[in-house]
Amino acid sequence: HVQLQASGGGLVQPGGSLRLSCAVSGFTLDDYAIGWFRQAPGKEREGVSCISGSDGRTYYEDSVKGRFTISRNDAGNTVYLEMNSLKFEDTAVYYCAAESCSLILDGSSQIGYWGQGTLVTVSS
C-alpha cells in the first residue's frame, strides 16, 4: 500500500524558511521519482520540484529555483523540501507525489500517487 505523507508546513514571514518532509512507505523510493506540487487559493496545481528515483537528479520550477532545495535521506524513505526566502506567492497547500518528474512538475492530474498536503502560509 503506497503512502505519502507531507508535513512541516506552517506560518512563516516573508523571507523566512521552512523544511517540508514527505514520508514514503509501501514501495522503494528508488523505484519512483518523488516530488512536490502545490495549489494556492483560486489557482491551479503548480509543480514545484522533483527528485529522480533512478539517479537522484533534482528539478525545479523556475519560480522556486535558487530558493528551494529537494533532497532525500539515506534510508530512502523521506524526501525533503527546504524552502528559503519565502514569498507571499509561495502560500499554498504543498503535496508530495510519486510519479515521473515531468508529470509532477506539470502539476498533472495524472499523478498516480500523492498524499495529504501540508499548508504553507507566508504572511507578515
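Look a little higher up for the structure.
Every value quoted in this text rests on a predicted model; they were computed, and no experiment measured them. (Residues numbered from 1 in each chain as written. Predicted model: local features only at pLDDT ≥ 70, side-chain atom pairs only at ≥ 80, totals over all residues. Heavy atoms only, no water.)

(A) How the structure looks around the pattern of salt bridges. Counted by the stated rule, this structure contains six salt bridges. Note that Arg38 is salt-bridged to Asp90, the shortest N-O span being 3.0 Å. Separated by 52 residues along the polypeptide, Arg38 in strand 4 (residues 33–39) and Asp90 in the loop between strand 8 (78–83) and strand 9 (92–99) bring together distant segments of the chain. Among the residues examined, Asp90 registers a relative accessible area of 1% and is labelled buried. In this structure, the salt-bridge partner of Asp55 is Arg57, at a minimum N-O distance of 4.0 Å. Asp55 sits in the partly exposed class, given a relative accessible area of 48%. On the basis of relative accessibility, which here comes to 55%, the residue Arg57 falls in the exposed class. Sharing partners across several salt bridges, the network here consists of Arg38, Glu46, Arg67 and Asp90. (Salt bridge = Lys/Arg side-chain N within 4 Å of Asp/Glu carboxyl O. Helix = DSSP H or I, 4+ residues; strand = E, 2+ residues; numbered from the N terminus. Buried < 20%, exposed > 50% of the residue type's maximum accessible area, 1.4 Å probe, protein only.)

(B) Just the packing of aromatic side chains, in detail. For the coordinates displayed, the defined rule picks out four aromatic pairs. With centroids separated by 6.5 Å and ring planes inclined at 80°, the aromatic side chains of Tyr32 and Tyr113 adopt a geometry described as edge-to-face. Separated by 81 residues along the polypeptide, Tyr32 in the loop between strand 3 (18–25) and strand 4 and Tyr113 in strand 10 (residues 113–114) bring together distant segments of the chain. Given a relative accessible area of 30%, Tyr32 falls into the partly exposed group. On the accessibility criterion, Tyr113 (37% relative accessible area) is partly exposed. Ring centres of Tyr95 and Trp114 lie 5.4 Å apart, and the angle between their planes is 80°; on these two criteria the pair is classed as edge-to-face. Residue Tyr95 is found in strand 9, and its partner Trp114 is found in strand 10; the two are separated by 19 residues along the sequence. A relative accessible area of 16% places Tyr95 in the buried class. Exposure remark for Trp114: the relative accessible area of 43% places this residue in the partly exposed category. The ring centre of Trp114 lies 4.7 Å from the NZ or CZ of Arg45, which sits over that ring. (Phe/Tyr/Trp six-rings, centres within 6.5 Å; stacked < 30°, edge-to-face > 60°. Lys NZ or Arg CZ within 6 Å of the ring centre and 35° of its normal.)

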